[in-house]
Amino acid sequence: MSETAGGGESGGATGAGQDPEGDNEPPHQAPPLPEGDDFEVGATLDEGATLPAKRPRISEEEQGLEQVVKPVEMLGEIPAQVVLLQEGPASPAQRTGEPKQCVEEGQVGEEVSVSGEGEEEWPQNGDVGHDAPTEEGEAKPEEGPNGDGSADSPSEAQRVGLDFTQNPQMLTGSCTEYSNLPENYLKGCKWAPDGSCILTNSADNVLRVYNLPPEIYSYNWDLLPEMSPVLRMAEGDTIYDYCWYPKMNSLDADTCFLASSSRDNPVHLWDAFYGQVRASFRPYNHLDELTAAHSLCFSPDGSKLYCGFDKTVRVFYTDRPGRDCEEWPTVVKKQGQSGIISCFGFSPCQSVYACGSYSRCAGLYSCQDGSQLALLPTRHHGGLTHLLFSPDGNYLYTGGRKDPEILCWDLRDPGKVLFSLKRNVATNQRIYFDLDPSGRYLLSGDTGGVVSVWDTLTAPPDGDEDLLQPQLRFNAHWDCTNGISIHPFMPLLATSSGQRQFPSPGESDSEGEGGEAVMSPQEIRQDNALSLWWAGPLAPAPEGGPEPSPEVVEA
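Residues numbered from 1 in each chain as written. Predicted model: local features only at pLDDT ≥ 70, side-chain atom pairs only at ≥ 80, totals over all residues. Heavy atoms only, no water.

### Some points on the overall build of the protein chain
Point 1. When helices and strands are counted, the protein chain shows 5 helices and 31 strands.
Point 2. For the protein chain, with 555 residues in total, the buried portion stands at 55%.
Point 3. Counting contacts in the protein chain only where the partners sit at least 6 residues apart, residues at least 24 apart contribute 59% of the total.
Point 4. Counting only carbon and sulfur atoms, one obtains 47% of the accessible surface of the protein chain, whose full area is about 23500 Å². (Helix = DSSP H or I, 4+ residues; strand = E, 2+ residues; numbered from the N terminus. Buried < 20%, exposed > 50% of the residue type's maximum accessible area, 1.4 Å probe, protein only. Contact = heavy atoms within 4.5 Å. Areas by Shrake-Rupley, 256 points an atom, 1.4 Å probe, with all protein chains shown as cover.)

### Side note on the sheet that holds strand 29 (residues 481-486)
Point 1. Here we have 4 strands laid out as an open sheet, ordered 1-31-30-29, and antiparallel in their pairing. With one partner strand each, in any of the chains shown, strand 1 (169-174) and strand 29 form the two edges of the open sheet. Going across the sheet, the axis of each strand differs from the next one's by a mean of 25°, ignoring polarity.
Point 2. Across 5 bridges, the pairing between strand 30 (residues 492-497) and strand 31 (residues 530-534) is antiparallel. Bridging across to strand 31, Leu493 finds its partner in Trp533. (Pairing = 2+ DSSP bridges. Axes fitted to C-alpha atoms, helices over the stretch in contact; angles between N-to-C directions.)

### Quick look at the side chain of Ser174
Point 1. By the secondary structure assignment, Ser174 is in strand 1.
Point 2. Exposure remark for Ser174: the relative accessible area of 1% places this residue in the buried category.
Point 3. Excluding residues that lie within four positions of it along the chain, Ser174 makes contacts with Tyr210, Glu226, Met227, Asn528, Ala529 and Leu530.

### Overview of the pattern of salt bridges
Point 1. Here the structure, examined in full by the defined rule, presents 10 salt bridges.
Point 2. For Glu177, the salt bridge goes to Arg208, with nearest N and O atoms at 2.6 Å. Separated by 31 residues along the polypeptide, Glu177 in the loop between strand 1 and strand 2 (186-191) and Arg208 in strand 4 (residues 206-211) bring together distant segments of the chain. With respect to class, Glu177 is no different from Arg208; both count as buried.
Point 3. We note a salt bridge from Arg208 to Asp204, for which the minimum N-O separation is 2.8 Å.
Point 4. For Arg208, a relative accessible area of 4% corresponds to the buried category.
Point 5. A residue is classified by how much of its surface remains accessible, and Asp204, at 19% relative accessible area, is buried. (Salt bridge = Lys/Arg side-chain N within 4 Å of Asp/Glu carboxyl O.)

### Examining the packing of aromatic side chains
Point 1. Scanning the model with the defined rule gives 16 aromatic pairs in all.
Point 2. Centroid distance Phe273 to Tyr274: 6.1 Å. Interplanar angle 40°. Geometry classified as tilted. Considered together, Phe273 and Tyr274 belong to a single accessibility category, that of buried residues.
Point 3. Three or more aromatic residues joined by ring pairs make a cluster, and in this case those are Tyr306, Trp328, Phe344, Phe346, Tyr353 and Tyr365. (Phe/Tyr/Trp six-rings, centres within 6.5 Å; stacked < 30°, edge-to-face > 60°.)

### Examining the environment of Asp241
Point 1. Examined against the element boundaries, Asp241 turns out to sit in strand 6 (residues 239-244).
Point 2. Measuring from C-alpha to C-alpha, the distance between Asp241 and Ser262 comes to 7.3 Å, with 21 residues separating the pair along the chain.

### Re the side chain of Thr427
Point 1. Relative to the helices and strands, Thr427 is located in the loop between strand 23 (416-422) and strand 24 (433-435).
Point 2. Once you skip the residues sitting within four places of it in the chain, Thr427 turns out to touch Arg401, Lys402, Thr447 and Gln499.

### So, unusual backbone geometry
Point 1. Its identity as a non-glycine residue notwithstanding, Lys333 has a phi of 55°, on the positive side.
Point 2. Mapped onto the fold, Lys333 is located in the loop between strand 14 (331-332) and strand 15 (335-336).
Point 3. Given a relative accessible area of 76%, Lys333 falls into the exposed group.
Point 4. Located in the positive-phi region is Lys334, a residue other than glycine, with phi close to 65°.
Point 5. Here Lys334 lies in the loop between strand 14 and strand 15.

### A word on the pairing of strand 31
Point 1. Judged by how many residues are buried, strand 31 sits mostly within the fold: 5 of 5 residues are covered.
Point 2. Burial along strand 31 is two-sided: Leu530, Leu532 and Trp534 and Ser531 and Trp533, pointing in opposite directions, are all buried.
Point 3. As paired strands, strand 1 and strand 31 are joined by 5 bridges and run antiparallel to one another. The residue bridging Met170 from the neighbouring strand is Trp533, located in strand 31.

### A look at the sheet that holds strand 4
Point 1. Spatial ordering of the open sheet is given by 2-3-4-5, a layout of 4 strands whose pairing is antiparallel. Bordering the open sheet on either side are strand 2 and strand 5 (231-234), each of which pairs with just one other strand. Going across the sheet, the axis of each strand differs from the next one's by a mean of 20°, ignoring polarity.
Point 2. The sheet contact formed by strand 4 and strand 5 spans 4 bridges and is antiparallel. By the bridge assignment, Val206 is partnered in strand 5 with Ala234.

### Concerning the pairing of strand 16 (residues 341-346)
Point 1. Of all the 6 residues making up strand 16, 6 are buried; the element is thus mostly covered by neighbouring parts of the structure.
Point 2. Pairing between strand 16 and strand 17 (residues 352-357): 5 bridges, direction antiparallel. For Gly345, the partnering residue across the bridge sits in strand 17 and is Ala354.
Point 3. Here strand 16 hands over to strand 17 after 5 residues, the two strands then running antiparallel side by side.

### Focus: the environment of Leu305
Point 1. Mapped onto the secondary structure, Leu305 falls in strand 11 (residues 304-309).
Point 2. Judged by relative accessible area, which is 0%, Leu305 ranks as buried.
Point 3. Once the C-alpha coordinates of Leu305 and Asp319 are considered, the two residues, 14 residues apart in sequence, prove to be 9.9 Å apart.
Point 4. Those residues in contact with Leu305, other than ones at most four positions away along the chain, are Ala259, Val267, Phe281, Cys297, Phe298, Arg314, Val315, Phe316 and Thr318.

### Digging into the confidence of the model for the protein chain
Point 1. Scored by pLDDT, the protein chain has a mean of 73; 63% of the residues are at 70 or more.
Point 2. Long-range and interchain partners of residues 540-549, a stretch whose pLDDT sits below 50, account for 9 contacts in this model, where long-range means more than four residues apart. (pLDDT = per-residue confidence, 0-100.)

### Details of the environment of Asp301
Point 1. Among the structural elements, Asp301 can be located in the loop between strand 10 (295-298) and strand 11.
Point 2. It is 7.1 Å that separates the C-alpha atoms of Asp301 and Lys247, two residues lying 54 residues apart in sequence.
Point 3. If we ignore the near neighbours within four places in the chain, the residues touching Asp301 are Tyr245 and Lys247.
Point 4. Side-chain polar atoms of Asp301 contact the side chain of Ser299, separated by 2.7 Å. (Polar contact = N/O pair within 3.5 Å; in protein donor to acceptor, adjacent residues only side chain to side chain.)

Printed below as a string of structure tokens:
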């Protein structure tokens, strides 16, 4: 790995994008960087925390198993799930080999059964990636709703170990981090493709990276402290969208980066080791003015970055930062998909991508030239804010703002809605939803803080449009649950909460007995936090667990 923070995957990506209008001072002073680094963008750990480790230091400082007990502070170190499955310091050859099962007494990591049968190992880092095909020898994911695949065969959901016959158990989270600034709240969370860390977005325009607590692997849940970010990356203005590089693997430093877009700024590629800008992509409009992308998504192979604009998609090549891009309009001769392109999704099986727009519709396009393949009917009540393909590529799920339902479209018969999923979305805020790797379970939060879990295999087999009832509903937060993300290969959920609060007129002047201000119901329900949930088989409950089981919500 390069000794410079700006070492990207290509020479052209080094040091680009360092302009005054795109960069902002970090919340805390950056640690000293190697010679030649003059970055001013991004942020670092709190005072007293472990500084970023270079790769040579990994082998020098790891002196036995007692080092394993310390939390991994940066993505540059050996990922927690690999460290805990090894007996001691790992050579480069060992890091790429199969992880060892921890079966001896006294070892830090205990073997955890993913399927509940006690025979299956955790996949190694990078084995299960975003929209990645199954590895050779693995069982292929079963078909989506009403698919031809056998529902009784071992599915990806069973391998992940998800169990929604009971309430998920809250493990830990991060709340204090978002309480330091007034009117700050989270706006989403996303697991890294290799499952080693979580990325969050918040109203203070800072992207934060949290490492997965290593205690989770040994069921030591009573030892879990509140999570603290190991990395902060500050954008200059409101963050519109952000996404991980799909081939991200923390064993390969060159793949550890993410993209973000913010108002009046170019698209930035952030180094996930040091929080510095690796490169920037500069989209310009017809007046040669810099314009911000409203949505972002890497192609499944990571070679291209798709950016959404008003009636236009611009495609940049990841290894060629700058202003050169391909421009694909979504409206040709006044026909097509109008409005701002607000979200993207890529089919895992075909060279097709989907665009959602604030014009309340979704379109399907060719990845080769951006030509429109189909335009789905306008069925949503609000502009689309999120969409997902099923793992088999036959179904597309779409959701919008101020829209009470998620729609499941059958792409084998474009325009046909198989079923809808009810949720409470009463604001313009982007409310994410997520699918497990098999495509069986779909999860979404809502404005009231409730998380709903739907089993898509229970959809009516005749394909008649119907309202699918949730299998499970539970209160995850007191306030709006806007983000939810399922771990790539462990039965873990990450949720984020919060929303902009608008006090009613006169609330600030209202006083109770003794002249104290009376808190409004909105202030009482305010909840800005990142939470981590266990959604798999439970080991013997540890004494003094961190949190009681969440309250079940009657469907």
